Amino acid sequence: MTGIRLFTAPTSGPDDTNSLNTLLDEGFSPADVLAVVGKTEGNGCVNDFSRTLAAATWEPHLDEDAITVFSGGTEGVLAPHVNLLVADASGDARHDRGVVAAVGTTPAIPPSDVGRLGQMEAVRDTVADLVDDLGITPADVHLVLVKCPLLTSTDIAELRSQGMEPASDDTYESMARSRAASSLGIALSLGEMDVETAHSALDGRRAAWSNRASASAGAELDSCHVLVLGESTHASNPLRALHTEMTDAYDLDSLLDAAATVARAGGRIRQLFIKAEADPSGTIRGLRHTMLTDSDINATRHARAAVGALAAAVKGDAMVYVSGGAEHQGRPGGGSVTVVYEVDPPSADDADPTREGTLP
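Residues numbered from 1 in each chain as written. Predicted model: local features only at pLDDT ≥ 70, side-chain atom pairs only at ≥ 80, totals over all residues. Heavy atoms only, no water.

As for the pairing of strand E10 (residues 268-276)
Most of E10 is tucked away, with 7 of its 9 residues classed as buried. Of the strand pairs in this sheet, E10 and strand E13 (residues 321-324) are connected by 4 bridges, and their pairing is parallel. Note on E13: the bridge partner recorded for Lys-275 is Ser-323. (Buried < 20%, exposed > 50% of the residue type's maximum accessible area, 1.4 Å probe, protein only. Helix = DSSP H or I, 4+ residues; strand = E, 2+ residues; numbered from the N terminus. Pairing = 2+ DSSP bridges.)

Focus: unusual backbone geometry
Residues other than glycine seldom take positive phi values, yet Arg-285 does so here, at roughly 50 degrees. Within the secondary structure layout, Arg-285 lies in the loop between strand E11 (283-284) and strand E12 (287-288). Positive phi values are uncommon outside glycine, yet His-328 reaches one of about 65 degrees.

Describing the domain arrangement of the chain
Looking at the chain, the domain boundaries give domain 1 (1-90), domain 2 (96-237) and domain 3 (239-345). For domain 1 and domain 2, the distance between their C-alpha centres works out to 20 Å. In this complex, domain 1 contributes 20 residues to the contact, which on the side of domain 2 involves 26 residues. Between domain 1 and domain 2 the total buried area reaches about 1,800 Å² when both faces are included, carbon and sulfur atoms providing 71% of it. Between domain 1 and domain 2 we count 1 salt bridge in total. A salt bridge links Glu-220 to Arg-51; its shortest N-O distance comes to 3.3 Å. Connecting domain 1 to domain 2 are 4 residue pairs in polar contact (both at pLDDT 80 or more). Within the residue set of the side of domain 1 that touches domain 2, elements represented by two or more residues are strand E2 (33-40), helix H2 (49-58) and strand E3 (67-72). With 5 residues, the top contributor of residues to the side of domain 1 that touches domain 2 is E3. (Domains from an automatic or database assignment. Contact = heavy atoms within 4.5 Å. Buried area = accessible area lost by both parts, 1.4 Å probe. Salt bridge = Lys/Arg side-chain N within 4 Å of Asp/Glu carboxyl O. Polar contact = N/O pair within 3.5 Å; in protein donor to acceptor, adjacent residues only side chain to side chain.)

Side note on the packing of aromatic side chains
What the rule picks out here adds up to 2 aromatic pairs. Ring centres 6.0 Å apart and planes at 70 degrees place the aromatic pair Phe-7 and Phe-28 in the edge-to-face group. Placement of Phe-7 in strand E1 (residues 4-10) and of Phe-28 in the loop between helix H1 (19-25) and E2 is noted, with a sequence separation of 21 residues between them. Of the two residues, Phe-7 and Phe-28, both sit in the buried class. Judged by centre distance (5.6 Å) and plane angle (50 degrees), the rings of Phe-273 and Tyr-321 are tilted. (Phe/Tyr/Trp six-rings, centres within 6.5 Å; stacked < 30°, edge-to-face > 60°.)

Details of the environment of Leu-190
With respect to the element layout, Leu-190 can be found in the loop between helix H5 (171-189) and helix H6 (195-202). Those residues in contact with Leu-190, other than ones at most four positions away along the chain, are Val-127, Pro-138, Val-141, Val-144 and Arg-212.

Some words on the UniProt feature "site: Important for substrate specificity" (unreviewed entry) in the chain
Per the UniProt record, the feature "site: Important for substrate specificity" (unreviewed entry) sits at Thr-300. As for its position among the elements, Thr-300 is in helix H8 (residues 299-315). For Thr-300, a relative accessible area of 10% corresponds to the buried category. Setting aside residues up to four positions removed in sequence, Thr-300 forms contacts with Tyr-172, Arg-179, Gly-324 and Gly-325. Among the polar contacts made by the side chain of Thr-300, one reaches the side chain of Tyr-172 at a distance of 3.0 Å. (UniProt positions renumbered as here; feature names shortened; annotations may be inferred.)

Here's the deal with the UniProt feature "binding site: substrate" (unreviewed entry) in the chain
What UniProt calls "binding site: substrate" (unreviewed entry) maps, in this numbering, to Arg-51, Ser-71, Gly-72, Arg-179, Ser-216, Ala-217, Arg-304, Ser-323 and Gly-324. From the set just named, the residues that line the largest cavity comprise Arg-51, Ser-71, Gly-72, Arg-179, Ser-216, Ala-217, Arg-304, Ser-323 and Gly-324. On the secondary structure map, Gly-72 appears in strand E3. For Gly-72, a relative accessible area of 4% corresponds to the buried category. Sequence-distant contacts of Gly-72, defined by excluding residues within four places in its chain, comprise Lys-39, Thr-40, Gly-42, Gly-44, Asp-48, Arg-51 and Arg-304. (1 Å grid on protein atoms, 1.4 Å probe; cavity = no way out; pocket = protein on both sides within 12 Å on 5 of 7 lines; lining within 4 Å.)

Section: helix H7 (residues 252-264)
For an α-helix the count is 3.6 residues per turn, leaving residues at separations of three or four pointing the same way. A rise of 1.5 Å per residue sets the reference length of H7, with its 13 residues, at 18 Å; its end C-alpha atoms lie 18 Å apart and thus fit the reference within 8%. Listed in full, the buried residues belonging to H7 are Ser-254, Leu-255, Ala-258, Thr-261 and Val-262. Summarising the axial view, the buried residues of H7 lie within an arc of 120 degrees, below the 170-degree limit, and thus occupy one face. Among the exposed residues of H7, those pointing more than 90 degrees away from its buried face are Asp-253, Ala-263 and Arg-264. Each element contacted by the buried residues of H7 is listed here: strand E9 (239-246), E10, H8 and strand E14 (335-342). (Expected span 1.5 Å × (residues − 1). Arc of directions from axis to C-beta.)

Quick notes on empty space enclosed by the protein
Summary: where empty space remains is shown by rolling a probe the size of a single water molecule over the atoms. Counted under the stated rule, the structure contains 3 cavities of 30 Å³ or more. In terms of lining residues, the largest cavity is bounded by 14 residues, among which Gly-44, Met-175, Arg-179, Arg-304 and Gly-324 are the most central. Of all the secondary structure elements, the ones that give two or more residues to the lining of the largest cavity are E3, H5, strand E7 (213-218), H8 and E13. Here the element with the most residues in the lining of the largest cavity is H5; it accounts for 3 residues. Across the lining of the largest cavity, the residue classes break down as 3 nonpolar, 7 polar and 4 charged. By volume, the second largest cavity is sized at about 40 Å³. Residue lining of the second largest cavity: 13 residues in total, with Thr-11, Gly-13, Pro-14, Thr-40 and Val-82 positioned closest to the centre. For the lining of the second largest cavity, the secondary-structure elements that each account for two or more residues are E2, H2 and strand E4 (81-87). The residue inventory of the lining of the second largest cavity, partitioned by class, reads 6 nonpolar, 4 polar and 3 charged. (Points joined across faces, edges and corners; volume = space filled by probe spheres on them. Nonpolar A, V, L, I, M, F, W, Y, C, P; charged D, E, K, R; others polar.)

So, in structure tokens, the structure goes:
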């Protein structure tokens, strides 16, 4: 059982690892880091090498079992930053539960499996193993964060030279396919949909989703990095989590409801993990949007900027993790939301109204 501490720090660039000094000041070492989850200031698309630079800079500092998840794109008010999830076994007996986390990596995903059944099953199995390792149930999980591969032009050409067709012949679309396969694998592992529904969704239907899945794709890896975060009564720390969803790109009410739940618990928001996308219908609340028809700026960039402003306003600062492209991560046009917050030690007669941690 791995209780955690969460440290969030701004970065001056993708290669900034100065937050490691904070760890040392707090009595931790880089070997205690389970995951580095960050936002970098690239374009968030296929050729976003800010993610590659960040991963290449951070990984030599970390234990071989730790993972990195870097999401490109800090459009609008979003601030480049890193979140360090650090293993902390010390505990605090004043708390009767706390947030726990486990990380893992799937086997390498062959290009022929990217966006397909093989990737979905690899993520499903890895998530299931991590949930089991934590000794919690799927109902205790509030976030599964996955960084997955995409198809490069070289991958596509090589597959065709072998007589195989890729899941997509467009590298940008391959990011969406990869995110979809990963998200469906998460949903399967958490029991949020059955196999038949997942297979149908993998073929492009958007009628099923997970409010606890967050997947982003990049060229900097060939496997899927997986983080499972949940609550357990076998841990004792001041962190708590809840999950919900935004129903569309300006569903501020959902974020305010989550913030109100945190406030009723006497808590303080530490981080928001949010997925965002341009509504595939081309409209939001009956009005046409142009995110999908803008030839200058990718739709994922529009969505991150719009949702990032709402998230920053609710949290009170712009170091929020908002990731574009929400295929099966919340309902179409919306996105999954996980809030990690901190509470004070309870008094003997305190009742916690967020014990189940799920908003309606």
